[in-house]
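As a plain string of letters, each chain reads:
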Amino acid sequence: MKRNLLIGAIVLLLVIGALYGNLSNREQNNAMPEQPEVGYRSPSFDLEGLDGKKYKLKNLNKPVVVNFWASWCGPCKIEAPVLLQLHEKYGDQVQFYAVNLTHNDKLEKVEAFVNDYQFQFPILLDTNGQVSRQYRVTAIPSTFFIDRHQTIMKAAPGLHTKEQMEQWIQQLIEIP
């Protein structure tokens, strides 16, 4: 009888310890500073989409791919079909945001680009360049792979193959 009580008490302490550790890790992640660098909490933003809706990068509880682009960018035109294919494959597990550098682009060209490539994910408009400055975007396309805890797992400036991007997305999905 005493042995059963002792075992029960030990199990209870282990469960409490595990729950406290999980809560502590969440609190540490929330306290982590926002930096556009691997291992840091992603800078949050609130942007209007091409569809007129407001989109936030905060507390989504799922991985996010944030791609910075412009309609006049040649590599962005090469990457657009890749993003569309990856969204079709992983869109139910990962949130995709395509952030247009609208402060350096023309809205009618953005709309034409989106229609040409038939994007099915939110197109966010960085009309004043604030978000691209927050993320220190110096090359486009630039893509950030952010886990469900909003930690940047990969910052990928420039053009990348579908295989590379798919590998990074699969890694995001595997993070508990």
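Above this text sits the structure in question.
All values derive from a computational prediction rather than experimental measurement. (Residues numbered from 1 in each chain as written. Predicted model: local features only at pLDDT ≥ 70, side-chain atom pairs only at ≥ 80, totals over all residues. Heavy atoms only, no water.)

What follows concerns the sheet that holds strand β5 (residues 123–125). Strands sit in the order β5-β4-β3-β6-β7 across an open sheet of five strands; the sheet is mixed. Each end of this open sheet is capped by a strand with a single partner; those strands are β5 and β7 (152–157). Each neighbouring strand pair of the sheet contributes to a mean axis angle of 20°, computed without reference to strand direction. Pairing between strand β4 (residues 95–100) and β5: three bridges, direction parallel. (Pairing = 2+ DSSP bridges. Helix = DSSP H or I, 4+ residues; strand = E, 2+ residues; numbered from the N terminus. Axes fitted to C-alpha atoms, helices over the stretch in contact; angles between N-to-C directions.)

Let us look at the side chain of His-87. Examined against the element boundaries, His-87 turns out to sit in helix α2 (residues 74–90). If sequence neighbours within four positions are ignored, His-87 has contacts with Phe-96, Gln-120 and Phe-121. (Contact = heavy atoms within 4.5 Å.)

A complete count under the given rule lists 14 aromatic pairs for this structure. For the pair Phe-113 and Tyr-117, a centre-to-centre distance of 4.7 Å together with 45° between the ring planes defines the contact as tilted. Of the two residues, Phe-113 and Tyr-117 are both situated in helix α3 (residues 107–117); the distance of four residues between them amounts to about one turn of the helix. Given a relative accessible area of 5%, Phe-113 falls into the buried group. A residue is classified by how much of its surface remains accessible, and Tyr-117, at 22% relative accessible area, is partly exposed. (Phe/Tyr/Trp six-rings, centres within 6.5 Å; stacked < 30°, edge-to-face > 60°. Buried < 20%, exposed > 50% of the residue type's maximum accessible area, 1.4 Å probe, protein only.)

All right, on to the nonpolar core then. Membership of the largest hydrophobic core comes to 44 residues, with the highest contact counts inside it found for Phe-45, Val-66, Phe-68 and Tyr-135. Listed by contribution, the elements that provide at least two residues to this core are β3 (64–69), α2, β4, α3, β5, β6 (142–146), β7 and α5 (162–174). The element contributing the most residues to this core is α2, with six residues. (Core = buried A, V, L, I, M, F, W, Y, C linked by side-chain atoms within 4.5 Å.)

A regular strand places its side chains so that they alternate between the two faces of the sheet. The element β6 is extensively covered by neighbouring structure, given that five of its five residues are classed as buried. Here β6 shows two buried faces, one formed by Ser-142, Phe-144 and Ile-146 and the other by Thr-143 and Phe-145. Bridging between β3 and β6 involves five bridges; their strand directions are antiparallel. When the sheet's bridge partners are listed, Phe-68 is paired in β6 with Ser-142. Relative to β7, β6 is paired through five bridges, and the arrangement is antiparallel. By the bridge assignment for β7, Phe-144 is matched with Ala-155. Linking two consecutive strands that pair antiparallel, namely β6 and β7, is a turn of five residues; a positive phi of about 70° is found at Gln-150 within it.

Right, let's talk about α3 for a bit. Where α3 is concerned, the buried positions are Val-110, Phe-113 and Val-114. Buried residues in α3, looked at end-on, bunch into an arc of 95°, giving them a common side. More than 90 degrees from the buried face of α3, the exposed residues found are Glu-108, Asn-115 and Asp-116. Contacts made by the buried residues of α3 are with β3, α2, β4 and β5. Backbone geometry just after α3 places Gln-118 at a positive phi near 55°. (Arc of directions from axis to C-beta.)

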